[in-house]
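Breakdown of the fold
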Amino acid sequence: MISAKTRIAGVAGAPVRHSLSPLLHNAWLEASGIDGAYVAFCPPQDGFDAFAQGFRGGAIAGINVTLPFKQQALAVADDFSDLARAAGAANLLLFHENGRIEARNTDGEGMMRALAVQAPDYNPRSGPAVVLGAGGAARGAVAALLDAGAPEVTVVNRTLDRAEQLAQAFDSRVRALDRADRAAPEAVVVINATSLGLGGGSGPDLPWSSVADSVVIMDMVYTPLRTEFLAAAQTRGLTVVDGLEMLIGQAIPAFEALFGQAPPLQLDARRLLLNALGQHL
Ligand code: NDP
């Protein structure tokens, strides 16, 4: 039931029709009995600023932000969380009643939650991390790994320049390479934050014979759920973490911020999303 008091939130992207966020947040709202609704917005590519400015003052509670607006979302905000500032991108905007817009980035938190769920023995402090890719998701990953105590993070990207720029935005704990060979043997976790594997193509290159038996392999891509990268890791008996768990992990703090309470645990979010994707693990 939509009432005159319904609290509205949503997700903004272009395109946005593929987004699973409305399904997940509305299921959580229904299970919690909250008078709220979560909708999808597709602002014009060059119109994100005007779109977001229109919500100043709290016409709606906030929006999750997805491609291609994550950097513009940061630019429109007055206040930033440390992780959003470090990542240089926001995936959540909150429209406060005092007129201020607050930017947060829960992607990194989602990644850490996914690691905690599917690789519970992984301890970020225990050794170096390797992040494949240097886009927005990789930035969020680096910020979250450092925040969690990773002693060193190597960013590996086909465009070395971009990896170097990313590394320079942090401190000497972050270094840039264009191949994973040198970093892979000492890594305790390797995370695919490139778009390689999206839609079923080949995953990123990793010298599998040189990685440790105890390394954790994570893929941010979740369509398909069992990417080639994760399949290769599973063949070698390695612990794997998938992008769907990260999607759920980033949505939990977003729901709390948008609707003021934690999502209901009794709802099996993973099953809901797997059904929507028509996939099973
Ligand atoms: P960006 O477009 O910002 O970055 C893409 C990255 O992939 C770049 O590092 C790019 O390298 C690299 N890349 C693309 N094509 C190739 C290729 N053919 N060979 C080598 N490298 C390539 O995307 P995002 O950072 O926003 O997202 C990255 C991935 O993470 C996407 O698949 C996205 O769906 C996923 N994601 C998942 C989330 C989840 O909740 N599970 C949340 C956020 C993102 P280069 O710089 O050289 O172009």
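What comes next is a walk through the structure.

Parameters and conventions
Along each chain, residues carry numbers from 1 onward, in the same order as the chain's sequence is written. Per-residue local features of the predicted model are confined to residues with pLDDT of at least 70, and side-chain atom pairs are confined, for both listing and counting, to 80 or more; whole-chain, interface and lining totals are unaffected and use all residues. With hydrogens and water stripped out, all remaining heavy atoms of the structure feed into the side-chain values. The helix and strand labels rest on DSSP assignments: H or I over at least four residues marks a helix, E over at least two residues marks a strand, and numbering proceeds from the N terminus. Residue burial is assigned from relative accessible area. The probe radius is 1.4 Å, only protein chains are included, and a residue is buried under 20% of its type maximum, exposed over 50%, and partly exposed in between. Criterion for a salt bridge: a side-chain nitrogen of Lys or Arg within 4 Å of a carboxyl oxygen of Asp or Glu. Residues enter a nonpolar core if they are buried and are Ala, Val, Leu, Ile, Met, Phe, Trp, Tyr or Cys, with the set joined through side-chain atoms within 4.5 Å. Contacts: residue pairs with any heavy atoms within 4.5 Å of one another. In this text, near means that some heavy atom of the residue lies within 4 Å of the molecule or strand in question. Distance and chemistry together define a polar contact, namely a pair of N or O atoms within 3.5 Å, with one atom able to donate a hydrogen and the other to accept it when in protein, and with adjacent residues in sequence counting only for side-chain atoms on both sides. All accessibility values rest on the Shrake-Rupley procedure with a 1.4 Å probe; residue burial counts only the protein chains present in the view. Pairing of aromatic rings covers Phe, Tyr and the six-membered ring of Trp, with a centre-to-centre limit of 6.5 Å; geometry is then stacked below 30 degrees between planes, edge-to-face above 60, and tilted otherwise.

A short note on the side chain of Thr227
- On the secondary structure map, Thr227 appears in the loop between strand 11 (216-219) and helix 8 (228-235).
- Under the relative-accessibility criterion, Thr227 is labelled buried at 1%.

Comments concerning the pattern of salt bridges
- What the rule picks out here adds up to twelve salt bridges.
- Among the ionic pairs, Arg179 bridges to Asp181, the shortest N-O distance being 2.8 Å.
- Residue Asp181 is classed as partly exposed on the basis of its relative accessible area, which comes to 36%.
- Between Asp242 and Arg270 there is a salt bridge; the shortest N-O distance is 2.7 Å.

A look at the nonpolar core
- Of all hydrophobic cores here, the largest spans 33 residues; its most connected members are Met111, Leu115, Tyr122, Val142 and Leu145.
- For this core, the elements supplying multiple residues, two or more each, are helix 5 (107-118), strand 7 (129-132), helix 6 (136-147), strand 8 (153-156), helix 7 (160-168), strand 10 (189-192) and strand 11.
- If one sorts the elements of this core by residue count, helix 6 sits on top with seven residues.
- If near-sequence neighbours (up to four positions away) are discounted, Met111 is found in contact with Ala141, Ala144, Leu145, Ile191, Met218, Met220 and Met246.

Notes on the site of the ligand
- Taken together, 22 residues lie near the ligand, and Ala137, Asn157, Arg158, Thr159 and Arg162 sit nearest.
- A distance of 3.2 Å separates an oxygen atom of the ligand from a polar backbone atom of Ser195.
- Here a nitrogen atom of the ligand sits 3.0 Å away from a polar atom, N or O, in the main chain of Met220.
- Across the complex, the protein chains shield 77% of the 930 Å² of accessible surface that the ligand would expose by itself.

Considerations on the packing of aromatic side chains
- Across all of its chains, the model carries nine aromatic pairs by this definition.
- Residues Phe41 and Phe55 carry aromatic rings whose centres are separated by 5.9 Å and whose planes lie at 50° to one another, so their mutual orientation is tilted. In this pair, Phe41 is assigned in strand 2 (residues 36-41) and Phe55 in the loop between helix 2 (48-53) and strand 3 (62-65), connecting sequence segments 14 residues apart.
- Phe55 sits in the buried class, given a relative accessible area of 13%.
- Ring centres 5.6 Å apart and planes at 50° place the aromatic pair Trp208 and Phe229 in the tilted group. Linking Trp208 in the loop between strand 10 and strand 11 with Phe229 in helix 8, this pair joins segments that are 21 residues apart in sequence.
- Classification of Trp208 by relative accessible area gives buried; the value is 15%.
- Pairwise contacts between aromatic rings join Phe41, Phe48, Phe51, Phe55, Phe69 and Phe95 into one cluster.

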